[in-house]
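# Observations on chain architecture
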Protein chains: 2
Amino acid sequence: MLNNISYQNYQKISADIRAIDYALSIISWDSQTVAPKGCFEDRGEYIANLSKQRHILATSKEYVSAVKELYTQKENLSDELLFEITRVKKDIEQLQKVPADEYAEYNYLISKAEMTWQKAKSENNYQIFAPVLKQLILSTKKLVKYWSTPSLKGYDVLLDLYEPGYKMSKYDKLFDLLRVKLVPFIKKISEKGYKPSNDFYGSFPIEKQKVFQKYLAEVMCFDLEYGVLGESEHPFTNGFSPSDVRITNHFYENLFTSSIFSALHELGHATYERNVSKDLFNTNSCCGGTMALHESQSRFYENIIGRSYDFWKIHFNKLKETFPKELKNIRLKDFYQFVNEVKPSYIRVEADELTYPLHIMVRYQLEKEIFNDLIDLDHLEERWNELFYEYLGIKVDSPINGILQDSHWSGGAFGYFPTYALGSAYASQIYYSMKKDFNIKESLKSGNTKDINDWLKDKIHKYGYSKSTKDILYIATGKKFNPEYYIKYLINKYSKIYDIK
Amino acid sequence: MLNNISYQNYQKISADIRAIDYALSIISWDSQTVAPKGCFEDRGEYIANLSKQRHILATSKEYVSAVKELYTQKENLSDELLFEITRVKKDIEQLQKVPADEYAEYNYLISKAEMTWQKAKSENNYQIFAPVLKQLILSTKKLVKYWSTPSLKGYDVLLDLYEPGYKMSKYDKLFDLLRVKLVPFIKKISEKGYKPSNDFYGSFPIEKQKVFQKYLAEVMCFDLEYGVLGESEHPFTNGFSPSDVRITNHFYENLFTSSIFSALHELGHATYERNVSKDLFNTNSCCGGTMALHESQSRFYENIIGRSYDFWKIHFNKLKETFPKELKNIRLKDFYQFVNEVKPSYIRVEADELTYPLHIMVRYQLEKEIFNDLIDLDHLEERWNELFYEYLGIKVDSPINGILQDSHWSGGAFGYFPTYALGSAYASQIYYSMKKDFNIKESLKSGNTKDINDWLKDKIHKYGYSKSTKDILYIATGKKFNPEYYIKYLINKYSKIYDIK
């Protein structure tokens, strides 16, 4: 370790910044889980102020020169510290380009947008959200302008925030590949005309869903001594520190599988955050890595494990025990087919694995048009619905089944959605690598995911954000990223289910 | 309003400090309601850091000189601003006496103590809490040393934090008066040997208790658009801002009246915070006043209103509707007598109005001995039990019925308890003044406390912390504080209930 003044200053001010980030995260968790609706005007001011204080610290002369000075000493830094410093330096440079007041205003706007979106969604009325969404897009466009460089412009600026190095040119290629390979395959499936049993629709008491969620948390070895299972409009995970990782869920009485797969998804994120090496505590790398890598973990548990036959072979009995009346006539095979039914549907988070990327493409295409200035912001909903019909072939019947369904935009997270598809692709590659190391099917018989968690911890999670996704993926799989694994995984799995040769 | 640089600096830095205080409050709410037990080590570091950042702001040259400069311009300040500046100046002077690191350490210790107390209480094991309590007392004694002045020493330093100007000499007088007047009266009551119906012990489902709590919140006109009803080990109220006021409660299946009176108590605090004038938002006076004044509001609603016959005449039917089976054979009169039964008991927050001050005296006496260095800190529990026997005449049978019952000490709040008794005395004086202005009994027939809320808002709440308690009490009652009202109220009420001439 370096032991000079720059390093000390860097550590000291980083700790101050992290403390404010921690506070902002707790406030955000509170906003989404418990805060009263009427508080958001006042709350917005406090959030804006804390963001301002953070901004002042992160752009302070002392901090900036410490980071720059450390960066010039590259050769004396460990690989991990160099990676961290490079990241922090980039963040600072971006912050420096935004006037402090404007940044505070942007944060105020986000806290307002989150609450407005909640209201709009609960009333199924897009018009409530439309003006603040427009404002938020305009503010984000200003940020994009500040952050543009000769090699990074428009939408690419935002994509780079969530998956550094992944631009439109790369995403376009990925989505083209998925379209070419998956769309005809989906067509073949729909031609089969198979419909699973419809005994899954009915009333599934929410209290029982919560009981089963708790069971799933145990299966995933999620330790409630260091975790919370909460409730919110949109499921999410918050890793405040490895000793405090929280997931939320949303329970629908008439759709019990929703809370199951959302739980598995969020528990995937949570396991990642929980498993970050304790050595990284009190550093800026003590959290999960890039968004796509994070989504690879959630999608891995939700789908590759959570929608697998091997998983339900072990846990289906417990599910029937929990819902003895409701699932009386249901067999394991029915359930497996039901949760893997390929069928275009409205809600992204409920979508099957095969049509899921199409949901992402809708959002990707729309964000591209928005941030490359190709669309009138007063017609976002129409365009959303148009694109949805184009990709999924069904007509959106109401805003909550359309543009209001996701929370991301209300949090200012433009450029985030594509990481779900990329993460799913990473997850498949990781899966094939894990399969080489041990027999996943056998291991699931133990009743929990301990072996899987341990493997992922050792190959991915423990590194936190101390390495690039490229490097971590190489450590975990011995290969560069190759989306063909994703195609292979999907086609293998669904060919069997739908008996396609 | 002043319009100079000192004023601007004062406002600017005050806003920054308030934003950190806001964050710390939310974190504290989170700790007490939802945070996982295992998080507190990491959390403590963040809290210590935020407290340090707060300390740096509050003792910064810019802030200190702004405050001092404004103070020298006394004659140009409004009464309210002068009151605020005087208060802030005193706070700063205290902070300046504590080294920043020590202050951060103290805050770390508190976050640890809160969680240790919770664990100790849940396991009914004082030994778990004892070492951290001792540490906390030693740290507090160091603060007391820093803050001592020729006219304020030992325990008085702490008392002054919660009710400025109220020292041992005054509290001793108050408690002597209460002892002289109430102890013989309680003796008379116990000689009557009256026992209310014991049909109140049984099983009262917690979900129904929550339903009734919600009803009480409506009765008290507590608007859930701006409020939350939460759950925690020890009931408390948090007023983050007038647009976000939260109470918590603790529900015992076998003691349904506990949650009723705790709810009324906390709703009293909450109504105060909600009613602070909006004009005070973004000032340091936008919160309730001194602790005793705050407790006067909670004790007013809990007891003077909440344990009155007139109140239950209106709401008893709803209670029976909520618990039709459980309260089948109970009449209003039985219930009224039950909730006003005078009987020494273990738990302060469940105590009747007459023995309540005795619970306070136990804690007051012990704190006095602790902070005037009259007691060995390794024998706190023994002393607690000894004093309890002396004042209440019953032997403590387990730590949760004794020294572990209250959360206050774990939060470092030494010197707080006496404000409950003082607040109760204020409440009685306020009651007699209110009675002159309108017919409380008639007003309660409307089914809610709107008239009462409005009166209190106009006479007390709206001022927030912009005036001294002395001044507010004078505005509200037209008189200086006089504890005889408290005696009068208690003896009147209980003479009727126990038929004492």
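Scroll up to find the structure.
Summary of the structure given here.

Cut-offs applied
Residues numbered from 1 in each chain as written. Chains lettered and ligands numbered in written order. Predicted model: local features only at pLDDT ≥ 70, side-chain atom pairs only at ≥ 80, totals over all residues. Heavy atoms only, no water. Helix = DSSP H or I, 4+ residues; strand = E, 2+ residues; numbered from the N terminus. Rg over C-alpha atoms; globule rule 2.2 N^0.38 Å. Buried < 20%, exposed > 50% of the residue type's maximum accessible area, 1.4 Å probe, protein only. Contact = heavy atoms within 4.5 Å. Areas by Shrake-Rupley, 256 points an atom, 1.4 Å probe, with all protein chains shown as cover. Lys, Arg positive; Asp, Glu negative; His and termini not counted. Charge placed at Lys NZ, Arg CZ, Asp CG, Glu CD. Pairing = 2+ DSSP bridges. Axes fitted to C-alpha atoms, helices over the stretch in contact; angles between N-to-C directions. Patch = residues over 30% accessible without salt bridge, like charges linked within 9 Å, V, L, I, M, F, W, Y side chains within 5 Å. Salt bridge = Lys/Arg side-chain N within 4 Å of Asp/Glu carboxyl O. Least-squares fit on C-alpha atoms with pLDDT ≥ 70 in both. Parallel < 35°, antiparallel > 145°, perpendicular 65-115°, else oblique. Nonpolar A, V, L, I, M, F, W, Y, C, P; charged D, E, K, R; others polar. Disulfide = S-S within 2.5 Å.

## Quick word on the overall build of chain A
- In terms of regular secondary structure, chain A is built from 20 helices and three strands.
- Rg of the C-alpha trace for chain A: 23 Å, near the compact-globule value of 23 Å for 501 residues, within the 12% margin.
- Along the longest, intermediate and shortest principal axes, the C-alpha atoms of chain A span 70 × 50 × 45 Å.
- When the 501 residues of chain A are sorted by exposure, 61% land in the buried category.
- Partitioning the contacts of chain A with sequence separation of at least 6, the portion at a separation of at least 24 is 74%.
- Just so you have it, chain A exposes about 20400 Å², and 51% of that area is on carbon and sulfur atoms.
- Of the charged side chains in chain A, 67 are positive and 66 negative, and the gap between their average positions amounts to 5 Å.

## Examining the sheet that holds strand S3 (residues 244–249) of chain B
All names here are of chain B.
- Taken in spatial order, the three strands make up an open sheet running S1-S3-S2, and their pairing is mixed. Two strands bound the open sheet, and with one partner strand each, they are strand S1 (227–231) and strand S2 (237–241). Across the sheet, the mean angle separating the axes of adjacent strands is 20° when strand polarity is ignored.
- Direction of pairing for S2 relative to S3: antiparallel, over a ladder of four bridges.

## Looking at a positive patch on the surface
- Together, Lys435(A), Lys436(A), Lys479(A), Lys488(A) and Lys496(A) give the surface a local cluster of positive charge.
- Only helix H16 (418–437) and helix H20 (484–498) of chain A provide two or more residues apiece to the positive patch.

## Thoughts on unusual backbone geometry
Residue and element names in this part refer to chain A.
- A positive phi angle, close to 70°, is found at Asn282, a residue other than glycine.
- Residue position: Asn282 is located in the loop between helix H10 (256–274) and helix H11 (291–305).
- With a relative accessible area of 34%, Asn282 lands in the partly exposed category.

## Describing the relation of the copies chain A and chain B
- For these two chains of identical sequence, chain A goes onto chain B by a turn of 180° and a shift of 0.0 Å along the axis, with RMSD 0.0 Å. Seen this way, the second copy is the image of the first under a two-fold rotation axis. Considering only C-alpha atoms, the residue of chain A closest to the rotation axis is Ala23(A), which sits at 2.8 Å.
- Here 100% of the interface residues in chain A have copies in chain B that are interface residues too; the copies meet face to matching face.

## Looking at the sheet that holds strand S1 (residues 227–231) of chain A
Residue and element names in this part refer to chain A.
- Taken together, three strands build an open sheet; the order of strands is S1-S3-S2 and the sheet is mixed. Because the sheet does not close on itself, it has two edges, and the strands there are S1 and strand S2 (237–241). Taken pair by pair, the neighbouring strands of this sheet meet at an average axis angle of 20°, ignoring direction.
- Relative to strand S3 (residues 244–249), S1 is paired through five bridges, and the arrangement is parallel. Across the sheet, Leu229 pairs through a bridge with Ile247, a residue of S3.
- The strands touched by helix H1 (residues 5–33) within the sheet are S1, S2 and S3, with S2 carrying the most contacts at an inclination of about 150°.

## A few points about the packing of H10(A) against helix H13 (residues 332–339) of chain A
All names here are of chain A.
- The geometry of H10 relative to H13 is characterised by a closest axis approach of 12 Å and an angle of 75° between their N-to-C directions. By the criterion of interaxial angle, the relationship of H10 to H13 is roughly perpendicular. Listed contacts from H13 to Phe256, Thr257 and Phe261 of H10 are Phe335, Phe338 and Val339.
- Of the residues contributing to the contact of H10 with H13, the split by class is five nonpolar, one polar and no charged.

## As for the state of the cysteines
Residues and elements named next belong to chain A.
- Here the structure, examined in full by the defined rule, presents zero disulfides over all chains.
- As a non-bridged cysteine, Cys287 has Cys286 as the owner of its nearest cysteine sulfur, 7.0 Å distant.
- Of the residues examined, Cys287 reaches a relative accessible area of 26% and is grouped as partly exposed.

## Digging into the pattern of salt bridges
- Inspection of every chain in the model, using the stated rule, returns 68 salt bridges over all chains.
- A salt bridge links Asp30(B) to Arg246(A), with the shortest nitrogen-to-oxygen separation between them at 2.7 Å. In this pair, Asp30(B) is assigned in helix H1 (residues 5–33) and Arg246(A) in strand S3, connecting two distinct chains.
- The buried category is assigned to Asp30(B), whose relative accessible area is 2%.
- Classification of Arg246(A) by relative accessible area gives buried; the value is 0%.
- Across the pair Lys450(B) and Asp454(B) runs a salt bridge, and its minimum N-O distance is 2.6 Å.

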